[in-house]
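Analysis of the macromolecular model
Here's the letter readout for the chains.
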Amino acid sequence: MFLSDYLDHTLKKLKTHTANILTLTNLALGGLSVIFTMKGQFNASLLLIFLAALADRFDGTVARKLHIESELGKQLDSMSDIISFGVAPALLIYQSLLHDFGAPGAFFTILYIGCGAFRLARFNITENNGYFSGLPITAAGVLLTLSYLTIHYFPPQFFIFLIMILSFLMVGTFKLKKM
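Residues numbered from 1 in each chain as written. Predicted model: local features only at pLDDT ≥ 70, side-chain atom pairs only at ≥ 80, totals over all residues. Heavy atoms only, no water.

In this section: a nonpolar patch on the surface. A surface patch of nonpolar side chains, about 390 Å² in accessible area, is lined by Phe161, Ile165, Leu169, Phe174 and Leu176. In terms of residue count, the dominant contributor to the nonpolar patch is helix H7 (residues 156–171) (3 residues). By the secondary structure assignment, Leu176 is in strand E2 (residues 175–177). Note on Leu176: relative accessible area 31%, which makes it partly exposed. (Patch = residues over 30% accessible without salt bridge, like charges linked within 9 Å, V, L, I, M, F, W, Y side chains within 5 Å. Areas by Shrake-Rupley, 256 points an atom, 1.4 Å probe, with all protein chains shown as cover. Salt bridge = Lys/Arg side-chain N within 4 Å of Asp/Glu carboxyl O. Helix = DSSP H or I, 4+ residues; strand = E, 2+ residues; numbered from the N terminus. Buried < 20%, exposed > 50% of the residue type's maximum accessible area, 1.4 Å probe, protein only.)

What follows deals with the packing of aromatic side chains. Think of a pair of aromatic rings as described by two things: how far the centres are apart, and how the planes are tilted against each other in angle. With the rule as written, the count across this model stands at 5 aromatic pairs. Between Phe123 and Phe132 the ring centres are 6.1 Å apart and the planes differ by 40°, which places this aromatic pair in the tilted class. Owing to a relative accessible area of 22%, Phe132 belongs among the partly exposed residues under this scheme. Feature note: the residues Phe154, Phe158 and Phe159 constitute an aromatic cluster, connected by ring pairs. Over the ring of Phe123 we find Lys74; its NZ or CZ atom is 5.7 Å from the centre of that ring. (Phe/Tyr/Trp six-rings, centres within 6.5 Å; stacked < 30°, edge-to-face > 60°. Lys NZ or Arg CZ within 6 Å of the ring centre and 35° of its normal.)

As a further point, take the packing of helix H3 (residues 42–65) against helix H6 (residues 137–147). At their nearest, the axes of H3 and H6 sit 10 Å apart, and the two run at 155° to each other. In terms of orientation, H3 lies roughly antiparallel with respect to H6. The two elements H3 and H6 cross, and the hand of that crossing is left-handed. Of the residues in H6, those touching H3 at Leu46, Ile49, Phe50, Ala53 and Asp56 are Thr138, Val142, Thr145 and Leu146. Residue classes in the contact of H3 with H6 are distributed as 6 nonpolar, 2 polar and 1 charged. (Axes fitted to C-alpha atoms, helices over the stretch in contact; angles between N-to-C directions. Parallel < 35°, antiparallel > 145°, perpendicular 65-115°, else oblique. Left-handed = near helix turned anticlockwise from the far one by under 90°. Contact = heavy atoms within 4.5 Å. Nonpolar A, V, L, I, M, F, W, Y, C, P; charged D, E, K, R; others polar.)

A few words now on the environment of Ile83. Relative to the assigned elements, Ile83 resides in helix H4 (residues 71–96). For Ile83 and Ile113, which are 30 residues apart along the polypeptide, the C-alpha to C-alpha distance reads 9.0 Å. Not counting residues within four places of it along the chain, the set of residues in contact with Ile83 comprises Leu27, Gly30, Gly31, Ala88 and Pro89.

Shape is all these values report; function is a separate question.
Below, the structure is given as structure tokens:
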């Protein structure tokens, strides 16, 4: 009897944290991406960002399906997203290309991260009625990460322009329908 109750309690507790586990997986993959970028292993970093996007895709879905949405989960998701889709992609592009621009490369890298943080903070304090306000950081991070695959095909100035455009799109006030 005692073991059965303990097992039931453990399973219920695990169910309530399933979405948070996925969110923390997103965070861990983003953190690993940063480490791999710092070691110059850019292809591994790129793969980790895409895996983080996959984990991010399912954490909210799982929370809604299991009816375990929480304010904690929402905040944790944003903190994970700033690492996985803000810092990790920006550092990947900076280390692989933008560092050659010196201070302007650093400025636009930091601008991107700051705009991503602003976008996430605004998302957390506004009513979400089926629309995003501005480009979600996940989309911006995935696009910036994908651009790494094209560094041999575009001039370096293109990436300054791209990071600037993505930054402004994240803080824009236009509406995008959630999918």
